[in-house]
Amino acid sequence: MDRAIVEANREYWNKNADAWFGTTALPVYGEMCPTEDQLRLFGDVRGKRLLEICCGSGHSLLYHAQRGAGELWGLDLSERQLENARRLLAENGQSARLFCGAMEEDLGLPREYFDWVYSIYGIGWATDLEGVFRRIASYLKPGGTFLFSWGHTLNYCAGWTPEQSHGWQGERIPLTRSYFDEEPFRMPVHGMEVVLRNRKISTYVNALAGAGFCLERMVEETDRAVLAAKPETFKEKKAHMLPISMIFKARKL
Ligand SMILES: C[S@@+](CC[C@H](N)C(=O)[O-])C[C@H]1O[C@@H](n2cnc3c(N)ncnc32)[C@H](O)[C@@H]1O
């Protein structure tokens, strides 16, 4: 794990947790992406044991709690995010076992225990993708499912720069970053900086295979309602031409 990057990101999330309360949580998988209500990737979670990686403000945990999940566990780097998650769950008469720490670390979570491990816009923060996938595989029962969503690789290569991550303008969509560039980059947000990297699709697929997963489904689609409407904003025009978000669903062999 790259500790300097993880600590910089922890500082950002502890200071800005409230600004992201409830954003990017189930049933939403990501920007302009079909939702869980449309995709039904989880199906019936009644009685199942679920662990969320980068659980943030707890809204996805609440989503599963309200659908009868048997046990809910979550981990996140940010104590402030977990405070928000605890409060949200308690206000809704629910609870989860929450752990504060990096997904790259051994947090003492049980092995071969969970039916599902999932992450909604969290996995891309990993500084050691292969190590994180191996750790996630160890938490799952054989036959258990790992599902995650993140920004689509191409989204960060076209009409996007870290400095204009929320507001690129223009008529055309230029290639702004090499598809092959997986080096960490700094992105200014809320007067601070986070450190991220953009990974090739093959990097995700090979890391899944290396950790003993079999890929069951990959979603790289734009939501039908967005496609049906005349695109007005730059982001909408882009979403007509490439996926903004992506989802991987894989089974532990
Ligand atoms: C976009 S948010 C996830 C949103 C989440 N789905 C929700 O409902 O709030 C990303 C989360 O990843 C967490 N995070 C970032 N790096 C992490 C790491 N290395 N290990 C664990 N959590 C991390 C942040 O603290 C933040 O809560």
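Residue numbers here run from 1 along each chain, matching the order of that chain's written sequence. Where totals are concerned, whole chains, interfaces and linings use all residues; where local detail is concerned, this predicted model gives features only for residues with pLDDT of at least 70, and gives and counts side-chain atom pairs only at 80 or more. The side-chain numbers reported here are obtained from all heavy atoms of the structure, hydrogens and water having been left aside.

Trainee: Got a minute to help me understand the pattern of salt bridges in this structure?
Mentor: Where charged atoms of side chains with opposite charge meet at close range, the side chains can pair. Salt bridge criterion: a side-chain nitrogen from Lys or Arg within 4 Å of a carboxyl oxygen from Asp or Glu. Counted under the stated rule, the structure contains 18 salt bridges. Between R3 and E105 there is a salt bridge whose closest N-O contact spans 3.8 Å. Placement of the pair is R3 in helix α1 (residues 3-16) and E105 in the loop between β3 (97-100) and β4 (114-120), with a sequence separation of 102 residues. K252 is the partner of E112 in a salt bridge, and the nearest nitrogen-oxygen pair spans 3.3 Å. Numbering of helices and strands runs from the N terminus; a helix is a DSSP stretch of H or I covering at least four residues, while a strand is a stretch of E covering at least two.

Trainee: Honestly, the sheet that holds strand β2 (residues 71-76) in this entry has me stumped. Any pointers?
Mentor: Whether parallel or antiparallel, the strands of a sheet pair through hydrogen bonds between backbone atoms. Strand pairing is defined by DSSP finding a minimum of two bridges between the two strands. Taken together, seven strands build an open sheet; the order of strands is β3-β2-β1-β4-β5-β9-β8 and the sheet is mixed. With partners counted over all chains shown, the strands left at the sheet margins are β3 and β8 (213-219), one partner each. With strand direction ignored, the average angle separating the axes of adjacent strands in the sheet is 15°. Inspection of the sheet shows strand β1 (residues 49-53) paired to β4 by three bridges, in the parallel sense. Among the inter-strand pairings, E52 is bridged to a residue of β4, identified as Y118. A contact between two residues is defined here by any heavy atoms of the two lying within 4.5 Å. Angles here are taken between N-to-C directions and fall from 0 to 180 degrees, while the axes themselves are lines fitted to C-alpha atoms, restricted in helices to the stretch in contact. Set on the sheet, helix α6 (residues 201-210) makes contact with β5 (140-151), β8 and β9 (245-252); between it and β9 the angle comes to about 15°.

Trainee: Where do I start with the nonpolar core in this structure?
Mentor: Across soluble globular proteins, nonpolar side chains show a tendency to be buried alongside one another. Only buried residues count toward a nonpolar core. Its members are Ala, Val, Leu, Ile, Met, Phe, Trp, Tyr and Cys residues joined through side-chain atoms within 4.5 Å. Partly exposed describes any residue whose relative accessible area lies between the buried limit of under 20% and the exposed limit of over 50%, with all areas from a 1.4 Å probe on protein chains only and scaled to the type maximum. Formed by 42 residues in total, the largest nonpolar core has its most connected members in I123, F133 and F146. No other element matches the six residues that helix α5 (residues 129-139) contributes to this core. The contact partners of F146, leaving out residues within four places of it in the chain, are V117, I123, F133, I136, L140, L208, F213, F248, K249 and A250. L39, Y63, L98 and I247 belong to the second largest nonpolar core, which has 26 residues in total.

Trainee: So what exactly am I meant to see when it comes to the site of the ligand here?
Mentor: In the neighbourhood of the ligand, 20 residues make up the surrounding shell, with T24, S57, D76, Q81 and M103 lying closest. The separation between an oxygen atom of the ligand and a polar side-chain atom of Q81 is 2.7 Å. All accessible areas in this document rest on Shrake-Rupley with a 1.4 Å probe, and a residue is counted as covered only by the protein chains that are shown. Across the complex, the protein chains shield 97% of the 600 Å² of accessible surface that the ligand would expose by itself. Each residue gets one label: Ala, Val, Leu, Ile, Met, Phe, Trp, Tyr, Cys and Pro are nonpolar, Asp, Glu, Lys and Arg are charged, and the others, such as Gly, are polar. Its residues assigned to classes, the shell around the ligand shows 10 nonpolar, seven polar and three charged. One heavy atom within 4 Å of a molecule or strand is enough for the residue carrying it to be called near that molecule or strand. Throughout this description, a polar contact denotes any pair of N or O atoms lying within 3.5 Å of each other; where both atoms belong to protein, one of them has to be capable of donating a hydrogen while the other can accept it, and for residues adjacent in sequence the pair is counted only when both atoms sit in side chains.

Trainee: Whenever I open this one, the environment of A96 confuses me. Can you help?
Mentor: Positionally, A96 belongs in the loop between α4 (79-91) and β3. As for A96 and K15, which are separated by 81 residues in sequence, their C-alpha atoms are 23 Å apart. Not counting residues within four places of it along the chain, the set of residues in contact with A96 comprises L61, L72 and L89.

Geometric descriptors of this kind do not, in isolation, establish any biological role.
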